[in-house]
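Architecture at a glance
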Amino acid sequence: MKGHQKTLNCWVTGASSGLGREIVLQLAKKGHRVYATARDAAALDALSAAYPACIVPLACDVTDEQAMSGLLAQAEGLQHLDVLILSAGICEYVDVPDIDTSLIRRVMETNFFGAVNACKAALPWLKKAVGSEFKPRIIGISSLSTVTGFPRNEAYGSSKAAFEYFLDALRCDIGHQIQITTVRPGFIQTALTAKNDFPMPFLMQADEAANQVVSRVEQGRLRFAFPWQLDWMLGIARMFPRLWYGPVMRQLLQKSRTNT
Ligand SMILES: NC(=O)c1ccc[n+]([C@@H]2O[C@H](COP(=O)([O-])OP(=O)(O)OC[C@H]3O[C@@H](n4cnc5c(N)ncnc54)[C@H](OP(=O)(O)O)[C@@H]3O)[C@@H](O)[C@H]2O)c1
């Protein structure tokens with residue numbers, strides 16, 4: 001984090017690939033101690049090898065509440081946590097009119113309950129840092145898709161909207177002690193978007209997106225979004241719902257049908 005002298009204890013979920021992985025690398029490069037969580041233990045070990053003194057692999061499935069709750073106790077020497085970054089996430093698309101409820105539950109389980117489990121596990125450790133020079137914080141990686149409705153996004157968009165509300169409510173309850181920031185990125189080139197068969201405007205590289213997160217968390221913003229161009233475009237779409245859900249959507253769907 002920019003200009004910060006103190007070594008921070010950070011916990012990053014979704015650390016084995018994409019945005020989370022790049023966030024871990026950038027935090028470690030600044031000398032912070034980073035606890036890296038994802039299911040793929042081998043990927044975490046490989047990541048740790050880049051900065052062995054700074055990156056501590058803690059493999060876990062975020063949907064496993066019990067395992068998550070005991071995870072930080074396994075981190076040798078950890079006294080408190082300064083930063084929790086919630087980046088674990090999956091994306092699956094719904095093929096309406098077949099509303100596959102098991103798919104929706106799967107996505108909610110990781111993106112919503114996985115984040116809830118991580119917050120529950122981290123809170124006692126973050127509370128130990130309350131009153132120190134650096135206000136402890138939770139940074140939730142949501143998505144610009146929460147700004148307005150998108151086709152086939154019934155599972156992913158709903159999970160991120162629920163996640164955002166959870167963070168907003170948490171801010172009401174503990175925001176005086178723990179800074180809570182919601183981040184809404186646009187499209188990032190990662191494994192998660194590799195399957196997308198539609199145009200992804202203003203597509204970013206993962207390191208570029210990670211830099212937006214790592215360099216801005218210290219600002220203590222309630223929410224930030226990037227890239228600004230997509231944020232603005234979707235903000236306008238939200239202001240004119242009849243236009244977005246009418247002629248604009250008809251055109252988008254027609255385009256995607258002719259592309260497939
Ligand atoms: N890519 C985009 O365009 C984009 C845009 C906006 C927001 N986001 C958000 O950014 C975050 C990172 O996504 P990404 O694009 O970097 O995708 P990614 O490369 O697929 O990374 C997802 C990460 O989440 C972890 N994960 C998934 N399920 C997990 C589970 N049950 N337990 C623990 N870890 C789990 C994965 O690790 P394992 O498989 O090893 O468990 C992986 O490290 C997500 O929250 C995503 O919704 C992405």
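Structure's up top.
This text gives an overview of the structure that appears in the document. (Residues numbered from 1 in each chain as written. Predicted model: local features only at pLDDT ≥ 70, side-chain atom pairs only at ≥ 80, totals over all residues. Heavy atoms only, no water.)

It is worth spelling out the pairing of strand S4 (residues 83-86) at this point. Both faces of S4 are covered, namely the face carrying Val83 and Ile85 and the face carrying Leu84 and Leu86. Here strand S1 (residues 9-13) runs beside S4; their pairing, made up of four bridges, is parallel. Considered in S4, the bridge of Trp11 is made with Leu84. As defined by bridge partners, S4 adjoins strand S5 (residues 137-141) across four bridges and the pair is classed as parallel. In the sheet register, Ile85 faces S5, and the bridge partner there is Ile139. (Buried < 20%, exposed > 50% of the residue type's maximum accessible area, 1.4 Å probe, protein only. Helix = DSSP H or I, 4+ residues; strand = E, 2+ residues; numbered from the N terminus. Pairing = 2+ DSSP bridges.)

All right, on to the pattern of salt bridges then. Under the counting rule described, the total for this entry stands at nine salt bridges. Measuring nitrogen to oxygen at the nearest pair gives 2.6 Å for the salt bridge that ties Glu92 to Arg106. On the criterion of sequence distance, the pair formed by Glu92 in the loop between S4 and helix H4 (101-127) and Arg106 in helix H4 is long-range, its members being 14 residues apart. Here Asp168 makes a salt bridge to Arg171, at a shortest N to O gap of 2.8 Å. Of this pair, Asp168 and Arg171 both sit in helix H5 (residues 154-174), separated by three residues, roughly a single helical turn. With relative accessibility at 17%, the residue Arg171 sits in the buried group. Here the salt bridges do not stand alone but share partners, grouping Glu164, Asp168, Arg171, Arg184 and Arg223 into one network. (Salt bridge = Lys/Arg side-chain N within 4 Å of Asp/Glu carboxyl O.)

Below, the discussion takes up the site of the ligand. With respect to spatial proximity, 31 residues lie near the ligand, and among them Leu19, Arg39, Tyr156, Ile188 and Thr190 are the closest. Between Ser16 and the ligand, the recorded distance is 2.7 Å, taken from a side-chain N or O atom to an oxygen atom. The separation between an oxygen atom of the ligand and a polar main-chain atom of Gly18 is 3.5 Å. Against a free-state accessible area of 870 Å², the protein chains account for coverage of 93% of the ligand. Looking at the shell around the ligand, the elements with two or more residues in it are helix H1 (18-29) and H5. Split into classes, the residues belonging to the shell around the ligand amount to 14 nonpolar, 13 polar and four charged. (Near = heavy atom within 4 Å. Polar contact = N/O pair within 3.5 Å; in protein donor to acceptor, adjacent residues only side chain to side chain. Areas by Shrake-Rupley, 256 points an atom, 1.4 Å probe, with all protein chains shown as cover. Nonpolar A, V, L, I, M, F, W, Y, C, P; charged D, E, K, R; others polar.)

Turning our attention to the packing of aromatic side chains. For the structure on display, the rule yields seven aromatic pairs. Ring geometry for Trp228 against Trp232: centres 5.6 Å apart, planes inclined by 75°, an arrangement best described as edge-to-face. Taken together, the positions of Trp228 and Trp232, both in helix H7 (residues 228-239) and four residues apart, correspond to about one turn of that helix. Trp228 gets classed as exposed once you look at its relative accessible area, which sits at 54%. Accessibility expressed as a relative area gives 58% for Trp232, which makes it exposed. Taken together, Tyr93, Phe187 and Phe198 form an aromatic cluster joined through their ring pairs. The ring of Trp125 has Lys128 lying over it, and the distance from NZ or CZ to the ring centre is 4.4 Å. When the ring centre of Phe134 is taken as origin, the NZ or CZ atom of Arg137, which lies over that ring, is 4.3 Å away. (Phe/Tyr/Trp six-rings, centres within 6.5 Å; stacked < 30°, edge-to-face > 60°. Lys NZ or Arg CZ within 6 Å of the ring centre and 35° of its normal.)

Let us look at the packing of H4 against H5. Helix-helix packing is characterised by the crossing angle of the two axes and by the distance between the axes. Two elements in contact, H4 and H5, have axes separated by 8 Å at closest approach and are oriented at 20°. In terms of axis orientation, H4 runs roughly parallel to H5. Considering only the axes of H4 and H5, their crossing is right-handed. Contacts between H4 and H5 involve Leu103, Ile104, Val107, Met108, Asn111, Phe112, Ala115, Val116, Cys119 and Leu123 from the former and Ala155, Tyr156, Ser158, Ser159, Lys160, Ala162, Phe163, Phe166, Leu170 and Ile174 from the latter. Taken together, the residues that form the contact of H4 with H5 break down as 16 nonpolar, three polar and one charged. (Axes fitted to C-alpha atoms, helices over the stretch in contact; angles between N-to-C directions. Parallel < 35°, antiparallel > 145°, perpendicular 65-115°, else oblique. Left-handed = near helix turned anticlockwise from the far one by under 90°. Contact = heavy atoms within 4.5 Å.)

This part is about unusual backbone geometry. Geometrically, the link from Val96 to Pro97 is a cis peptide bond, its omega value of 15° lying close to zero. Along the chain, Pro97 falls in the loop between S4 and H4. Note that the residue after Phe226, namely Pro227, is joined by a cis bond; omega there is -5°. One can find Pro227 in the loop between strand S9 (223-226) and H7. One non-glycine residue, Arg152, adopts positive backbone phi at about 65°.

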